[in-house]
Amino acid sequence: MSILHKFATLGLSGPTYISTDLSSYQQQMAEIHECHRKTANFTNEKLKDYMAELRAQARSGTPLSQLLAPTFGLVKEACIRQLQVSPFDLQLLAAIPLHERKLVEMQTGEGKTLSAVFAAALNALSGEGVHILTFNDYLAKRDAEWMGPIYTSLGMTVGYIANGMSRQQKQAAYACDITYATAKEVGFDFLRSYLAFEKEEQILQPFHFAIVDEADAILIDEARNPLVLAGQMGASVVDVKAVAQFVKTLQPQEDYILNESSRAAFLTEKGVESAEKAFGLESLIEEAHFGLHTAINLALQAQTLLTRDVDYLVKNERILLVDEFTGRVVEDRKWRNGLQTAVEAKEGLPIQSEGSILNAISLQHLIQKYPGVAGMTATAQAAAKEFATFYGLQTIVIPPNKTTRRIDYPDLIFADKTSKQAGILAEVKKAHHIGQPILIGALTVKESESLAALFREHDIDCEVLNAKNDEEEARIIADAGRVGAVTISTNMAGRGTDIQLGGKDKSDRKEVIRYGGLYVIGTNRHESVRIDQQLRGRAGRQGDLGQSRFFISLEDDLMVKYKLNDILPKRFQSIEGAAPIIHKKVRKFVGITQHIIESQLLDMRTNLYQYSAFTEKQRIILQSERQRLLEDIHCLSEFFPSLPDIRNATVQQLTLMKTFVLLQYDKYWAQHLDLLSHLREGIHLVRLGGQNPLRTFRQLADACFNQLYSHLENELEPWVKKVMTNEITAIDQMALEKPSSTWTYVINDNPFDDQLAIMLLDSANVGMHVDFVSAPFLFTIAMMRRMRRKKR
């Protein structure tokens, strides 16, 4: 218990949503140790019987808080017997706030995976199921198989969910006491379950308790991207391949204006005339040609602002998006609003329509459906306010089991990218020469391969881990600590896998320690300090020696995108030379810029949440009605109080009615989502008229929702009357046709800054900064004004 006393007096750190005070857990820890001592001599069968007794107590109403100590004691003994691992006190301690629905910060390599087992086992006693949400499918499978023997030795069941499993396999996994899965896959299964036509088709059981691993990545970075269930393709009336070929003939400045700093591109008047000539139109800006006009703008964005091997990859004739936070491909992610199709046309690939959105949910709202949520990550404090605001989670900081000995060197800042790359090469040569293992965190796939080519030119052998070979990430990362290893990784690829000093078998551990441990080099600062901290945290795990340093330049994408050079004092704006810039003010301004960016991103996520929250309330209302009908066919009489004869309907008639009603609910909800999507895209334009965009959106969305119910009423009752009078025709039967196929994907963030929205929200001068969605609207307005002037 001495380690607890050491940290018991630290108290609150900063705001009240961050706590380092562990003193309240001392008594519980003493009870856990006492319970463990009592079970140490139990036979394996006795351990299982004792767990069954605790389960019976929980299900008879005993509060879980009273069962915490004996359960944790049992789990600790199971860890020792099944994994030959005795959990550290701090791993046990971290499990207590997890059970209390809090967010636990534990440093990389401190054993979060094992801590989660204690809280999961305790909360599974009620029989309602626990989900442990992981960062990717690999980790879900790995952790379920790795921790599985602990659960099964105590008579509990464990399963995992992976993409591609059958419905029956998933139902069996979700029926387990503990289920490991990605939040994304749970979300997709949630959407599928709420579009089922029979109760047996539903995959999920009611939500109970979730432990979110890598919580910052899942609850913040990934939470911005809605999960989508789509179906039934609709053919486009625009020849997007012809549009792509036309856009390739356009000349910058003459036919279009490109502003890389604001990530915007749009046609000039000459460009519009070129389009009219190419497509044989009298006027591109007429309403009848809006689809073509939009397609041209999208093709222009795809051609000028999206780069192959940076923003996306092409593999097996498919566009694969590269996640900006992880540097990994997200297989089922797509850009919205036709941009995905525009990129497919640009690359000459088969066009794969996005289809109609049948249902959608954000990860924020999905997580909020769990009555109990806890989380764990190595970088919680930087986002503690957001965790508290959106999820009601207090952050509890758990100190490392051993004092951190990693040395975090100050950034080396260069005037340009060429000098920075030369500085990285010199540093790598120096460390590699003595045999120190090096992990380099690159920003993009292109940069990782460029660095690899540079190193190989100088006879430095290296492993490259990027979005092109992420299936090998665990193997490569696990061996990145061997003597002389140089590993280049895009951002946080391999997250969740520990790097062992001396390699996987630790054979050269002492030698690596003599060289200073793992050396982590970052080639760019990121938009979030958390990502930088995650990269640094790969070194110095469990008290190991380690080093970290970031090499950045004033030409880095982050610096250019947010115009760091403009806010620097004038004497630093024209610095030249290959040597690092040795000025504290420059380093300070880099830090200030990063914090400003984080605040802007938080504002954007808050804004998105406010819009989606209203839609989510509507979805809950509609789908609760749908679910009621799915579960009880006889409640149809309550849906149609004006048709009392429905109580006398046959089972066959009721089944026909149920199927039709469910299909209409799905149809009109899909149309409603599409309508709200279009409404959301241009809603910020109301700011020009002095209106509040969010308030206006909610008013319009409410009116649309009322209209949805009017459509349902007009559609349903006449059809039900036909069923009751046996007047259903062959044409009517066609209305019972279900979607022939459905598929899922993640709507990716707009890759371009929504400058128009930001400026309108800030009541700033609109100028010429527009995003790819809003550009056609403003351009049309400008062109109409120009034409009026010409007529005069």
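Summary of the structure given here. Model, not experiment: these values are computed from the prediction.

**Brief notes about the overall build of the chain**
Assigned secondary structure in the chain consists of 30 helices and 24 strands. Burial analysis of the chain (792 residues in total) assigns 56% to the buried set. Surface accessibility of the chain: about 34,000 Å² in total, with carbon and sulfur atoms responsible for 51%.

**So, the layout of surface pockets**
Empty space within the second largest pocket amounts to approximately 840 Å³. Contributing to the lining of the second largest pocket are 34 residues, with Gly-109, Gly-111, Trp-146, Asp-498 and Arg-541 lying nearest its centre. Secondary structure elements with two or more residues in the lining of the second largest pocket: helix H6 (112–123) and helix H7 (137–153). The leading source of residues in the lining of the second largest pocket is H7, at 5 residues.

**Notes on the sheet that holds strand E2 (residues 103–105)**
Across the sheet, which stays open at both edges, the 8 strands sit in the order E1-E16-E2-E15-E6-E3-E5-E4 with parallel pairing between neighbours. Each of the sheet's edge strands pairs with one partner strand only, and the pair in question is strand E1 (18–19) and strand E4 (158–160). Judged from the 3 bridges that link them, E2 and strand E15 (residues 372–377) form a sheet pairing that is parallel. Within E15, the residue paired with Leu-103 across the bridge is Gly-375. In the packing of H7 onto the sheet, contacts are made with strand E3 (130–134), E4, strand E5 (178–182) and strand E6 (209–213), and the angle to E4 comes to roughly 170°.

**Some points on empty space enclosed by the protein**
Which parts of space are left empty comes out when a probe the size of a water molecule is rolled across the atoms. The final tally for this structure, using the stated rule, is 2 cavities of 30 Å³ or more. One number sums up the size of the largest cavity: a volume of about 60 Å³. Forming the boundary of the largest cavity are Glu-128, Gly-129, Val-130, His-131, Tyr-174, Leu-204, Gln-205, Pro-206, Phe-207, His-208, Phe-209 and Tyr-370. Residue classes in the lining of the largest cavity are distributed as 7 nonpolar, 4 polar and 1 charged. One number sums up the size of the second largest cavity: a volume of about 30 Å³. Contributing to the lining of the second largest cavity are Lys-184, Glu-222, Asn-225, Leu-227, Arg-333, Leu-363 and Val-746. Class assignment of the residues belonging to the lining of the second largest cavity gives a composition of 3 nonpolar, 1 polar and 3 charged.

**Regarding helix H14 (residues 339–346)**
At 3.6 residues per turn, the α-helix brings residues three or four places apart onto the same side. Within H14, 8 of the 8 residues are buried, leaving the element largely enclosed by the surrounding structure. All of the buried residues along H14 are Leu-339, Gln-340, Thr-341, Ala-342, Val-343, Glu-344, Ala-345 and Lys-346. Each element contacted by the buried residues of H14 is listed here: helix H11 (240–248), helix H13 (290–305), strand E10 (312–315), strand E11 (318–322) and strand E13 (333–334). In the segment just after H14, Gly-348 is the residue with positive phi, at about 70°.

**A few points about the packing of H13 against H14**
Look at H13 against H14: their axes get within 8 Å of each other, and the N-to-C directions meet at 60°. It follows from the interaxial angle that H13 and H14 lie oblique. Read as a crossing pair, H13 and H14 show a hand that is right-handed. Listed contacts from H14 to Leu-298, Ala-299, Gln-301, Ala-302 and Gln-303 of H13 are Leu-339, Ala-342, Val-343 and Lys-346.

**So, the pattern of salt bridges**
Tallying each qualifying case throughout the model produces 29 salt bridges. Among the salt bridges present, the one from Glu-347 reaches Arg-308, with a minimum N-O distance of 3.0 Å. On the criterion of sequence distance, the pair formed by Glu-347 in the loop between H14 and strand E14 (356–361) and Arg-308 in the loop between H13 and E10 is long-range, its members being 39 residues apart. Notably, a salt bridge pairs Asp-556 with Lys-420, separated by 2.8 Å at the nearest N-O pair. With Asp-556 in the loop between strand E23 (545–553) and helix H22 (557–561) and Lys-420 in helix H17 (residues 417–434), the pair connects residues that are 136 residues apart, well separated along the chain. Side by side, Asp-556 and Lys-420 carry an identical accessibility label, which is buried. Connected through shared salt-bridge partners, Arg-406, Asp-408, Asp-411, Arg-525, Asp-532 and Arg-536 make up one network.

**Some details on the packing of aromatic side chains**
In the structure shown here, the tally under the stated rule is 14 aromatic pairs. An angle of 70° between the planes, with centres 5.0 Å apart, marks the rings of Phe-390 and Tyr-609 as edge-to-face. Of the two residues, Phe-390 sits in helix H16 (residues 384–391) while Tyr-609 sits in helix H24 (residues 584–631), which places them 219 residues apart along the sequence. Residue classification places Phe-390 among the buried residues on the basis of a relative accessible area of 9%. Between Phe-660 and Trp-719, the aromatic rings sit 4.1 Å apart at their centres with planes inclined by 5°, giving stacked as the arrangement. Separated by 59 residues along the polypeptide, Phe-660 in helix H26 (residues 651–682) and Trp-719 in helix H27 (residues 693–724) bring together distant segments of the chain. Classification of Trp-719 by relative accessible area gives buried; the value is 7%.

**So, the pairing of E3**
Among the 5 residues that make up E3, 5 are buried, leaving the element largely enclosed by the rest of the structure. When E3 meets E5, the two strands line up parallel, connected through 5 bridges. Among the inter-strand pairings, His-131 is bridged to a residue of E5, identified as Thr-179.

**Observations concerning the sheet that holds E13**
Backbone hydrogen bonds hold the strands of a sheet together, and the pairing may be parallel or antiparallel. Strand order in the open sheet formed by 4 strands is E13-E24-E7-E14, and the pairing between neighbours is mixed. The outermost strands of the open sheet, each flanked by one partner alone, are E13 and E14. Across 5 bridges, strand E7 (residues 227–231) lies against strand E24 (residues 742–747) in antiparallel orientation. By the bridge assignment for E24, Leu-229 is matched with Thr-744. Set on the sheet, helix H9 (residues 183–193) makes contact with E7, E14 and E24; between it and E7 the angle comes to about 45°.

**Things to note about the nonpolar core**
Core analysis: the biggest nonpolar cluster contains 54 residues, and Tyr-151, Ile-178, Tyr-180, Ile-211 and Ile-398 have the highest contact counts within it. When residues of this core are assigned to their parent elements, the largest contribution, 9 residues, is made by helix H4 (residues 64–83). In this view, Tyr-151 contacts Val-117, Ala-120, Ala-121, Ile-132, Met-156, Val-158, Ile-178 and Tyr-180; residues no more than four positions away in its chain are not counted. Counting 41 residues, the second largest nonpolar core, distinct from the first, contains Leu-229, Tyr-370, Phe-390 and Ala-670.

**A closer look at the pairing of E7**
With respect to burial, E7 is a largely interior element, 5 of its 5 residues being buried. Burial along E7 is two-sided: the face carrying Leu-227, Leu-229 and Gly-231 and the face carrying Val-228 and Ala-230 are both buried. Of the pairings in the sheet, the one linking E7 to E14 comprises 5 bridges and is antiparallel in character. Note on E14: the bridge partner recorded for Leu-229 is Asn-359.

Calculation rules
- Residues numbered from 1 in each chain as written.
- Predicted model: local features only at pLDDT ≥ 70, side-chain atom pairs only at ≥ 80, totals over all residues.
- Heavy atoms only, no water.
- Helix = DSSP H or I, 4+ residues; strand = E, 2+ residues; numbered from the N terminus.
- Buried < 20%, exposed > 50% of the residue type's maximum accessible area, 1.4 Å probe, protein only.
- Areas by Shrake-Rupley, 256 points an atom, 1.4 Å probe, with all protein chains shown as cover.
- 1 Å grid on protein atoms, 1.4 Å probe; cavity = no way out; pocket = protein on both sides within 12 Å on 5 of 7 lines; lining within 4 Å.
- Points joined across faces, edges and corners; volume = space filled by probe spheres on them.
- Pairing = 2+ DSSP bridges.
- Contact = heavy atoms within 4.5 Å.
- Axes fitted to C-alpha atoms, helices over the stretch in contact; angles between N-to-C directions.
- Nonpolar A, V, L, I, M, F, W, Y, C, P; charged D, E, K, R; others polar.
- Parallel < 35°, antiparallel > 145°, perpendicular 65-115°, else oblique.
- Left-handed = near helix turned anticlockwise from the far one by under 90°.
- Salt bridge = Lys/Arg side-chain N within 4 Å of Asp/Glu carboxyl O.
- Phe/Tyr/Trp six-rings, centres within 6.5 Å; stacked < 30°, edge-to-face > 60°.
- Core = buried A, V, L, I, M, F, W, Y, C linked by side-chain atoms within 4.5 Å.

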